[in-house]
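Below, each chain spelled out in residue letters.
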Amino acid sequence: MLLEARDDEETVVFTTTAASVQVQVEPVGRWYEAYVKRRNRSTSTSFQELEEEEESSEEEEDEEFQLEEYPMLRTLDPKDWKNQDHYAVLGLVHLRYKATQKQIKAAHKSIVLKHHPDKRKAAGEQIVEGDNDYFTCITKAIEILSDPVKRRAFDSVDPTFDNAVPSKSEGKENFFEVFTSVFDRNARWSSKKHVPKLGTMESTFEDVDNFYSFWYNFDSWREFLTWMKRKKRRLNGKHERRWIEKQNRASRAQRKKEEMNRIRTLVDTAYGCDPRIKKFKEEEKARKESEKKAKADAKKREQEEKERARQAELEAARLLKEKEEEEAKQAAQQAKKEKEIQKKAIKKERQKLRTTCKNWNYFADNEADSVKMMEEVEKLCDRLELISLQSLNEILASGSKDDSKAAVEKQVQEVNAQLQREREAEVQARQAARSAEQASGGGGGGGKGWNEDDLQLLIKAVNLFPAGTNARWEVIANYMNLHSTSGMKRNAKDVINKAKNLQRLDPLQKDEINRKAFEKFKKEHTSVAPTVDNAVPSERFDASGTDGNTAAWTTEEQKLLEQALKTYPVSTPERWEKIAAAVPGRSKKDCMKRYKELVEMVKAKKAAQEQVAAKSKK
Amino acid sequence: MAAIGVHFGYTCACVAIFKDGRADVVANDAGDRVTPAVVAYRDTEQIVGIAAKQGRVRNAANTVVKVKQVLGRSFDDPETQAHKAQTKCQVVNKEEKPYYEITAGEHPEYVAPEDAAKLIFHKMKETAQSALGSDVTEAVITVPFEFAHAQKRALREAAEAAGFHVLRLIHEPAAALLAYNIGQDCSSGRSHVLVYKLGGTSLSVTVLQVSGGIFRVLNTHTDHSIGGESFTQALAQYLATEFKRTFKHDVSSNARAMLKLMNGADMAKHSLSSLGSANCFVDSLHDGIDFECNVSRARFELLCSSLFNKNIQPIRPLLEKAGLSTSNINKVVLCGGSARIPRLQQMIREMFPDVELLSSAPPDEVIAVGAALEAGLLVGRDGLVPEEESVTVDVSTTDILVKEVDESGAEVFTVLLPSGTPLPARRHHTLSGEGKHSSLRLEIYQRNVMEQPEQLAKIILRDLQPSEKNHDIDTVVTMKRDGSVHVSCVEQNSGRPEVITIAAAS
């Protein structure tokens with residue numbers, strides 16, 4: 001509760017307030033954002049007007065705005081309100097579609113203050129009673145312009161708007177003079193704000209591109225509502241009304257289409273005339289040309305390079321080969337020469353040995369001994385190498401008779417021993433070969449190799465076709481040939497022999513075979529296990545984006561697929577798309593894959609049946 | 001537009017999304033709304049979250065916990081050294097920066113704390129995106145008030161490396177206020193709010209002033225030595241002695257058994273916040289002996305009573321330093337998981353008997369929700385400068401008052417414009433005077449904190465028409481950024497105005 005003022009008191013300021021200080025605050029929250037926005041713009045200081053900030057900035061403009069009195073206002077006929085210019089009535093001719101709601105309201109207010117019948121009456125004017133006063137026109141004008149929908153409709157058919165589209169010939173000559181104003185004029189129909197400007201000759205490619213893509217995708221708010229109002233209220237019948245509505249709709253669509261066409265023609269014309277587009281196209285062409293040329297050049301160069309490299313390589317290979325051949329030839333000649341020399345030497349040595357031995361009378365006393373010795377010496381001559389012959393000759397030349405005899409005999413003994421050894425080795429080898437042959441003959445009948453797999457297969461086949469089967473061993477042999485991995489052909493006889501052999505085998509061998517089979521099995525299966533740990537862990541999938549559903553096919557899906565396959569025969573166009581649509585959760589790819597699998601399965605089944613049938617015929 | 005708010009704490013991280021005008025916490029793939037901020041390194045993969053925390057029993061050397069403690073700090077920082085002493089994971093010095101030595105693979109690897117944080121952020125992003133179903137990256141991330149610039153930068157970089165587009169880093173207490181919509185519904189007036197955050201390893205108490213919807217931190221206190229883990233530790237110690245009493249085995253030297261016991265105690269502690277008693281059961285704790293023990297809430301409170309006291313103590317000195325008393329506080333916000341403990345809530349209530357205690361939202365999610373709300377405010381706004389975490393604004397230093405009399409005739413002062421209001425500001429009041437008077441006097445005063453008010457000006461309204469009804473006077477007080485005041489009064493019936501301008505002292 002405030003106090004009463006005393007008589008002598010005056011409004012007075014005593015002192016100053018404390019200055020503000022700066023503090024740190026947390027940059028969070030709605031009010032902080034509002035505060036910063038306000039500070040950056042340095043506009044309204046009040047909290048209350050925060051929401052209407054935009055409008056308040058318009059208010060500032062209002063101060064400059066003036067109303068232009070419409071001179072014909074007083075002569076307007078309210079009955080003809082449909083044809084009046086509402087902007088003119090409110091004195092907003094100079095603003096038209098640019099006028100804001102605020103401005104319209106303000107204009108209305110000021111005009112009502114001036115022209116309201118009551119005011120005029122007070123000023124002593126004559127007033128026409130009822131709706132016939134021109135004030136009704138003002139009411140209508142504000143009614144139309146204050147309603148955004150009605151106003152838009154009115155704006156759309158604004159009689160002052162120039163719908164004209166400049167022709168090509170006009171545009172060709174002074175493109176920018178002609179089209180800048182046209183585009184600026186038409187920009188008002190854009191639903192989007194910030195319509196790009198036509199620009200100048202110096203505009204960048206991006207700007208020009210942006211400009212034309214905007215205009216080609218032009219989204220106009222222009223519409224033609226007022227046209228549908230004709231005669232509507234005179235119609236009573238439901239059907240008639242509907243018919244009229246339909247007509248209206250059609251004509252509206254038509255008008256809209258015309259409008260779109262108009263814009264389209266405008267942009268097309270502009271695009272065709274735009275010297276910049278021409279310039280860009282030429283530049284692009286030149287660029288492509290040069291690129292192409294550069295590419296071709298590069299390719300040519302590359303090819304040449306390759307050819308040269310290939311030539312060089314071939315040359316090098318040829319040279320190398322020639323050189324090698326030369327060397328080989330030389331080496332062969334050398335070897336031949338050496339061989340000849342050696343042969344000659346050996347011949348000489350042998351001759352020497354014979355003569356020496358002869359000189360010593362073969363170290364023998366009687367004839368028989370000498371003959372035997374002669375034989376031995378001949379043998380020595382045959383068997384001994386060049387070096388040992390030489391050394392022997394040296395001993396013979398230097399030593400006495402006894403020494404020589406001893407040396408020769410020693411050599412003879414050695415040679416004999418060697419001969420003996422050779423002979424023994426030969427015998428042994430022959431024996432070994434024979435025994436090996438025997439062993440193999442014992443193990444596998446018919447001499448054909450039987451490996452583990454085949455043995456397994458044979459056992460299986462024997463069990464599969466029990467005694468009593470028609471032409472049992474032929475069938476088994478056939479089966480073996482079909483399934484064997486060794487690729488060896490076997491006839492019935494082979495198989496019988498082997499089978500009998502196996503039967504005869506002692507249980508030990510059987511055990512061995514079984515064990516081997518088990519080991520093999522184990523090896524196959526354990527080799528899989530360790531890979532599990534190293535495997536890539538499964539990823540989480542987003543439901544979308546994966547190609548193909550790899551999950552197994554359920555019976556329902558299978559049924560659906562079969563049904564679909566029947567419904568859409570092979571001749572159906574886009575058969576697989578339709579089938580995929582019939583099977584929910586499966587793509588086209590999945591269905592095709594599944595179908596292929598099914599076909600394979602059916603084929604395999606048939607083949608097996610045929611085989612069986614053929615067998616039974618036999 | 002959707003946006004994400006992330007609270008990246010010392011022990012836990014929580015993510016909330018802002019969508020369709022609402023902010024909601026998102027549960028992670030394990031179904032928990034809060035994800036432990038633990039990263040476990042294995043030879044082939046890195047695990048974040050509850051799995052990593054539970055696997056710590058076996059893989060303690062390669063599990064990074066509380067990475068936020070070393071984030072953006074140098075190796076010689078005492079905090080880093082404390083962390084090094086505490087954690088089981090090897091911390092090494094590389095170019096003055098701390099690095100974790102991870103020996104999961106064949107060769108030891110060196111992981112920067114930023115990389116571990118990145119993994120956690122990545123997890124949070126995945127969680128948010130799975131809930132949104134789209135690629136939203138705009139996020140607001142909370143930081144503790146005491147974080148230095150380098151730490152904030154490290155956190156921001158880690159988040160950006162994880163693929164977030166960081167709209168802004170905001171302080172945790174401010175986020176908590178946002179979550180409860182404090183000061184955001186009504187802009188006028190001024191209030192003081194205490195944010196009590198008791199997390200896993202740290203206690204932080206902050207007192208904020210809210211005026212004109214803008215938050216200002218007056219004072220804050222942080223203690224890294226106390227938190228939820230201290231309670232768990234105390235409970236685990238008790239359980240260990242119980243085990244020793246029953247089975248005559250001492251487990252306190254067995255690190256793995258202690259970790260198991262900690263996990264069990266943690267679970268029991270959580271149950272005790274809602275139940276009167278909880279059963280703690282640990283399989284083969286020591287020598288294959290299973291351990292089972294029943295703990296009542298009373299027992300738990302007894303065990304932790306000294307810790308509770310330690311938690312409450314810092315509040316009073318903090319308020320005193322800020323020049324406030326408990327009666328000045330208008331609201332108390334509880335956040336952090338440990339603020340769930342009933343005894344603690346009770347103690348705070350005793351300290352602030354007639355203050356609104358805000359704990360309706362799950363306290364460990366509040367900050368993330370606040371961050372998401374802020375993200376929702378900022379997302380889609382262009383020209384968003386990478387704002388510093390604190391901004392200075394002009395505020396008024398004195399209360400602007402008007403002197404009135406109450407029914408009994410005693411003088412009272414009504415605050416027209418409180419101190420601490422961000423400037424420029426405008427306040428509108430309707431004052432009233434008795435209808436029988438033909439003139440009224442408005443005396444404008446200013447008051448600096450608790451000093452005696454000083455008269456600034458008086459406004460006289462004359463020639464009023466006396467009537468039965470009271471005179472209503474519209475008063476608009478406007479203060480400019482320099483502190484000068486403009487007061488305009490209009491008597492509603494007669495429309496008689498009176499305007500004064502009081503200049504500011506320079």
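Preceding this paragraph is the structure being described.
Just so we're clear, the structure is a prediction, and the values are computed from it rather than from any experiment. (Residues numbered from 1 in each chain as written. Chains lettered and ligands numbered in written order. Predicted model: local features only at pLDDT ≥ 70, side-chain atom pairs only at ≥ 80, totals over all residues. Heavy atoms only, no water.)

A few points about the packing of aromatic side chains
For any pair of aromatic rings, geometry is given as the distance between the ring centres together with the angle between the planes. Applying the stated criterion across every chain yields a total of 23 aromatic pairs over all chains. With 6.0 Å between their ring centres and 75° between their planes, Phe214(A) and Phe218(A) make a pair best called edge-to-face. Judged by relative accessible area, which is 8%, Phe218(A) ranks as buried. With a centroid separation of 5.0 Å and 40° between ring planes, the pair formed by Phe243(B) and Phe247(B) is classed as tilted. Of this pair, Phe243(B) and Phe247(B) are both found in helix α6 (residues 228-247), 4 residues apart, which corresponds to roughly one turn of the helix. Linked through ring pairs, Phe175(A), Phe176(A), Phe179(A), Phe183(A), Phe211(A), Tyr212(A), Phe214(A), Trp215(A), Tyr216(A), Phe218(A) and Tyr271(A) together constitute an aromatic cluster. In this structure, Arg575(A) is placed above the aromatic ring of Trp576(A), and the distance from its NZ or CZ to the ring centre is 5.3 Å. Across from the ring centre of Tyr595(A), 5.9 Å away, lies the NZ or CZ of Arg575(A), which sits over that ring. (Phe/Tyr/Trp six-rings, centres within 6.5 Å; stacked < 30°, edge-to-face > 60°. Buried < 20%, exposed > 50% of the residue type's maximum accessible area, 1.4 Å probe, protein only. Helix = DSSP H or I, 4+ residues; strand = E, 2+ residues; numbered from the N terminus. Lys NZ or Arg CZ within 6 Å of the ring centre and 35° of its normal.)

A few points about the side chain of Arg594(A)
Relative to the elements of secondary structure, Arg594(A) occurs in helix α23 (residues 588-617). Ignoring anything within four residues of it in the chain, the contact list for Arg594(A) reads Trp553(A), Gln558(A) and Leu561(A). (Contact = heavy atoms within 4.5 Å.)

Focus on a negative patch on the surface
Residues and elements named next belong to chain A. Judged by side-chain charge, Glu4, Asp7, Asp8 and Glu10 come together as a negatively charged surface patch. With respect to the helices, strands and loops of the structure, Asp8 is situated in the loop between β1 (3-4) and β2 (12-13). Here Asp8 falls in the exposed class, since its relative accessible area comes to 63%. (Patch = residues over 30% accessible without salt bridge, like charges linked within 9 Å, V, L, I, M, F, W, Y side chains within 5 Å. Areas by Shrake-Rupley, 256 points an atom, 1.4 Å probe, with all protein chains shown as cover. Salt bridge = Lys/Arg side-chain N within 4 Å of Asp/Glu carboxyl O. Lys, Arg positive; Asp, Glu negative; His and termini not counted. Charge placed at Lys NZ, Arg CZ, Asp CG, Glu CD.)

Brief notes about the pairing of strand β1 (residues 3-8) of chain B
Residue and element names in this part refer to chain B. Summarising burial for β1: 6 of the 6 residues are buried, a large majority. Both faces of β1 are covered, namely the face carrying Ala3, Gly5 and His7 and the face carrying Ile4, Val6 and Phe8. Sheet analysis places β1 next to strand β2 (residues 12-19), joined by 6 bridges and oriented antiparallel. Each residue of the ladder has a partner; that of Ala3, found in β2, is Phe18. (Pairing = 2+ DSSP bridges.)

Structural notes on the interface of chain B and chain A
With 79 residues of chain B at the interface, the matching set in chain A holds 41 residues. Both faces considered, chain B and chain A share a buried interface measuring about 5,600 Å² in area, 53% of it formed by carbon and sulfur atoms. If you sort the residues of chain B by the area they bury against chain A, Arg426(B), Arg441(B) and Lys458(B) come out on top, with a joint share of 12%. Connecting chain B to chain A are 1 salt bridge. Arg168(B) is the salt-bridge partner of Glu33(A), the closest N and O atoms lying 3.0 Å from each other. Counting across the interface, chain B meets chain A through 20 residue pairs in polar contact (both at pLDDT 80 or more). Element by element, the count of residues in the side of chain B that touches chain A is highest for strand β25 (residues 454-461) of chain B, at 7 residues. Its residues assigned to classes, the side of chain B that touches chain A shows 33 nonpolar, 22 polar and 24 charged. Relative to β25(B), β2(A) runs antiparallel, the two being bridged by 2 bridges. Among the inter-strand pairings, Val12(A) is bridged to a residue of β25(B), identified as Lys458(B). (Buried area = accessible area lost by both parts, 1.4 Å probe. Polar contact = N/O pair within 3.5 Å; in protein donor to acceptor, adjacent residues only side chain to side chain. Nonpolar A, V, L, I, M, F, W, Y, C, P; charged D, E, K, R; others polar.)

Some points on the pattern of salt bridges
The tally for this structure, following the rule as stated, stands at 33 salt bridges over all chains. Glu284(A) serves as the salt-bridge partner of Arg287(A), at 2.9 Å between the closest nitrogen and oxygen. Here the residue Arg287(A) and the residue Glu284(A) both occupy positions in helix α12 (residues 275-359), the gap between them amounting to 3 residues, near one helical turn. The salt bridge partner of Arg73(B) is Asp77(B), with a shortest N-O separation of 3.5 Å. No difference in accessibility class separates Arg73(B) from Asp77(B), as the two residues are buried. It is possible to trace a salt-bridge network through shared partners that takes in Lys403(B), Glu411(B), Arg441(B) and Glu443(B).

Observations regarding the sheet that holds strand β5 (residues 38-41) of chain B
Strand pairing within a sheet occurs via backbone hydrogen bonds; the two strands may be parallel or antiparallel. Residue and element names in this part refer to chain B. Spatial ordering of the open sheet is given by β6-β5-β7, a layout of 3 strands whose pairing is antiparallel. Whereas interior strands pair on both sides, the edge strands pair on one side only; in this sheet they are β6 (46-48) and β7 (63-65). Neighbouring strand axes in the sheet, compared pairwise and without regard to direction, differ in orientation by 15° on average. Note that β5 and β7 share 3 bridges and pair antiparallel. Within the sheet, the bridge partner assigned to Val39 lies in β7 and is Val64. Lying on the sheet, helix α3 (residues 113-132) is in contact with β5, β6 and β7; it crosses β5 at an angle near 110°. (Axes fitted to C-alpha atoms, helices over the stretch in contact; angles between N-to-C directions.)

Quick look at the nonpolar core
Among soluble globular proteins, nonpolar side chains are generally buried collectively. Residue and element names in this part refer to chain B. Ranked by size, the top nonpolar core spans 52 residues in total, and within it Leu194, Tyr196, Leu239, Leu261, Val332 and Phe352 carry the most contacts. Take this core: its biggest share by element is 8 residues, from α6. Counting only domains with at least three residues in this core, you end up with domain 2 (185-223 + 309-362) and domain 3 (228-303). (Core = buried A, V, L, I, M, F, W, Y, C linked by side-chain atoms within 4.5 Å. Domains from an automatic or database assignment.)

Notes on the environment of Ala104(B)
Residue and element names in this part refer to chain B. As for its position among the elements, Ala104 is in the loop between β9 (97-102) and β10 (109-111). Under the relative-accessibility criterion, Ala104 is labelled partly exposed at 24%. Taking the C-alpha atoms as reference points, Ala104 and Tyr41, separated by 63 residues in sequence, lie 6.4 Å from one another. In this structure, Ala104 is in contact with Tyr41, Arg42, Asp43 and Asn62, ignoring residues within four places of it in sequence.

Comments concerning the side chain of Gln411(A)
By the element assignment, Gln411(A) lies in helix α15 (residues 401-443). For Gln411(A), the contacting residues outside a window of four places in its chain are Leu380(A), Leu384(A) and Leu392(A).

Examining the packing of helix α21 (residues 555-567) of chain A against helix α22 (residues 575-582) of chain A
Residues and elements named next belong to chain A. Orientation of α21 relative to α22, taken along the N-to-C sense of each, is 145°, at an axis distance of 9 Å. Seen along the crossing, α21 lies across α22 with a hand that is right-handed. Contacts from Leu560, Leu561, Ala564 and Leu565 in α21 reach Arg575, Trp576, Ile579 and Ala582 in α22. When its residues are assigned to classes, the contact of α21 with α22 shows 7 nonpolar, no polar and 1 charged. (Left-handed = near helix turned anticlockwise from the far one by under 90°.)

Brief notes about the sheet that holds strand β28 (residues 497-502) of chain B
Residue and element names in this part refer to chain B. The strand order across the open sheet formed by 4 strands is β23-β26-β27-β28, and the pairing between neighbours is antiparallel. A single partner strand is all that each edge strand has here, and the edge strands are β23 (425-433) and β28. This sheet shows a mean twist of 15° between the axes of neighbouring strands, independent of strand direction. Here β23 pairs with strand β26 (residues 471-479) via 9 bridges, running antiparallel. By the bridge assignment for β26, His428 is matched with Val476.

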